[in-house]
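Chain by chain, the residues:
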Amino acid sequence: MSADDRRVEVYPGKEAVVEFDPGLTFDCVSECTWCCHHGVLVYDREFLELAKRANLNEATTQFRGEDFVVREEKDHDHAGDDGRACYFLREDGLCELHAEDDWKPARCSVFPLSVRAEAGDIHVSVRESAREHCEGMNVGDRKVVDNLEAFLPEYLWDLDDPDSEREL
Ligand code: SF4
Ligand code: SF4
């Protein structure tokens, strides 16, 4: 761990090694939707939660033994350059899961951060693609480091591989 890294207790007994500028602020820019242009990883233990809210046969697909939300053609303006986006991205630019039930997969909460396990610790950094595309970085005065529980669901600490960068 370098001298700049910081350990932060996010939940009782659950620490994250912070590898980004502690001055980073974040506030999602709702009309952006860039991070919803992907098919996000669904961790095994999220699968049941998703099943309560969606038809898994339609909304998810498998790739290399892992489950992902389907990335599909959209007929609205919030899709990516190729006209595709996450199954749950509505035409008003909102996430169906979040808007209707205040829930979303961990990968969606984690963005624009990136999580990886290393030597038994959870390391949190800023995702490279977010530096380029996320319009919410350094917006507002809400410091990320002071609000890590909003980005990191507690069950990430229980996963063998919480790496959040896998997506379709
Ligand atoms: S599940 Fe919701 S928040 Fe996550 S990528 Fe899809 S639309 Fe966006
Ligand atoms: S890329 Fe950043 S600003 Fe854009 S929707 Fe995602 S979190 Fe919000």
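Right above here is the structure, for reference.
Note that the structure is a prediction, hence the values are computed from the model and not measured.

Caption draft 1: Region of interest: the pairing of strand β2 (residues 14-18). Among the five residues of β2, four are classified as buried, and the element is accordingly described as predominantly covered. Linking two consecutive strands that pair antiparallel, namely strand β1 (residues 6-11) and β2, is a turn of two residues; a positive phi of about 80° is found at Gly-13 within it. The sheet contact formed by β2 and strand β9 (residues 121-126) spans three bridges and is parallel. Note on β9: the bridge partner recorded for Val-18 is Val-124.

Caption draft 2: A look at the pattern of salt bridges. In the structure shown here, the tally under the stated rule is 17 salt bridges. The salt bridge involving Arg-71 is made with Asp-82; its shortest N-O contact spans 3.0 Å. Here Arg-71, found in strand β6 (residues 71-73), pairs with Asp-82, found in the loop between β6 and β7 (84-86); they are eleven residues apart in sequence, far enough to count as distant. Take Arg-71: its relative accessible area is 21%, and that puts it in the partly exposed class. We classify Asp-82 as partly exposed; its relative accessible area is 40%. We note a salt bridge from Glu-128 to Arg-131, for which the minimum N-O separation is 3.4 Å. Pair noted here: Glu-128 and Arg-131 are both in helix α5 (residues 128-133), with a separation of three residues, about one helical turn. Each member of the pair, Glu-128 as well as Arg-131, carries the same accessibility label: exposed. Here the salt bridges share partners, and the residues they tie into one network are Glu-49, Lys-52, Arg-53 and Asp-101.

Caption draft 3: Geometry of the nonpolar core. In this structure, Phe-20, Leu-113, Val-144, Leu-148, Leu-152, Leu-156 and Trp-157 are the most contacted members of the largest nonpolar core, which totals 34 residues. Within the residue set of this core, elements represented by two or more residues are β1, β2, α4 (106-110), β8 (113-118), β9 and α6 (148-151). By size, the runner-up hydrophobic cluster in this structure holds eleven residues, among which are Val-42, Cys-86, Leu-97 and Trp-103.

Caption draft 4: Examining the environment of Glu-46 more closely. Counting through the fold element by element, Glu-46 comes out in the loop between β3 (41-42) and α1 (47-51). Judged by relative accessible area, Glu-46 falls into the buried class, the value being 1%. Sequence separation between Glu-46 and Leu-159 is 113 residues, and the spatial gap between their C-alpha atoms is 11 Å. Ignoring any residue separated from it by four or fewer positions in sequence, one finds Glu-46 in contact with Leu-41, Trp-103, Pro-105, Ala-106 and Tyr-155.

Caption draft 5: Highlighting the packing of aromatic side chains. Taken as a whole, this structure holds five aromatic pairs when the rule is applied. Aromatic side chains Phe-26 and Phe-151 sit 5.7 Å apart centroid to centroid with 65° between the ring planes, which places their arrangement in the edge-to-face category. Of this pair, Phe-26 sits in the loop between β2 and β3 while Phe-151 is found in helix α6, placing the two residues 125 residues apart along the sequence. Summarising the aromatic geometry, the rings of Trp-34 and Phe-111 are spaced 6.0 Å apart at their centres and angled 40° between planes, so their arrangement reads as tilted. Here Trp-34 is found in the loop between β2 and β3, whereas its partner Phe-111 is found in the loop between α4 and β8, with 77 residues between them in sequence. Judged on exposure class, the residue Trp-34 and its partner Phe-111 are both buried.

Caption draft 6: Representation of the sheet that holds β2. Strand order in the open sheet made by the four strands is β1-β2-β9-β8, with mixed pairing throughout. Bordering the open sheet on either side are β1 and β8, each of which pairs with just one other strand. Strand after strand, the sheet turns through a mean of 35° between neighbouring axes, direction not considered. Bridge analysis of β1 against β2 gives five bridges, and the strand direction is antiparallel.

Caption draft 7: Expanded view of the site of ligand 1. Taken together, Cys-35, Cys-36, Val-40, Cys-86, Phe-88, Leu-89, Cys-95, Leu-97, Pro-105 and Cys-108 form the complete shell of residues around ligand 1. Residue composition of the shell around ligand 1, by class: ten nonpolar, no polar and no charged.

Criteria and thresholds
Residue positions within a chain follow its written sequence, with the count starting from 1. Here every chain gets a letter starting at A, and every ligand a number starting at 1, in the order they are written. With pLDDT at 70 or above as the cut-off, local features in this predicted model cover only qualifying residues; side-chain atom pairs require 80 or more to be listed or tallied, and sums for whole chains, interfaces and linings still use all residues. Values reported for side chains reflect all heavy atoms of the structure, with hydrogen atoms and water molecules removed beforehand. To sort residues, take the accessible area from a 1.4 Å probe on protein chains only and compare it with the maximum for the residue type: under 20% means buried, over 50% means exposed, and anything in between is partly exposed. Working definition: helices are DSSP H or I runs of at least four residues, strands are E runs of at least two. Numbering for both runs from the N terminus. Any two strands between which DSSP finds at least two bridges are classified as paired. A side-chain nitrogen of Lys or Arg and a carboxyl oxygen of Asp or Glu constitute a salt bridge if their distance falls within 4 Å. The criterion is simple. A nonpolar core is a set of buried Ala, Val, Leu, Ile, Met, Phe, Trp, Tyr and Cys residues joined through side-chain atoms within 4.5 Å. Working rule for contacts: check all heavy atoms of both residues, and any pair within 4.5 Å makes them a contact. Working definition: rings of Phe, Tyr and Trp (its six-membered ring) pair if their centres are within 6.5 Å, and the pair is stacked with planes under 30 degrees apart, edge-to-face with planes over 60 apart, and tilted otherwise. Here the axes come from fitting lines to C-alpha atoms, over the contacting stretch only for helices, and the angles between their N-to-C directions go from 0 to 180 degrees. When at least one non-hydrogen atom of a residue lies within 4 Å of a molecule or strand, that residue is treated as near it. Residue polarity is assigned by list, with Asp, Glu, Lys and Arg as charged and Ala, Val, Leu, Ile, Met, Phe, Trp, Tyr, Cys and Pro as nonpolar; anything else, Gly included, falls into the polar class.

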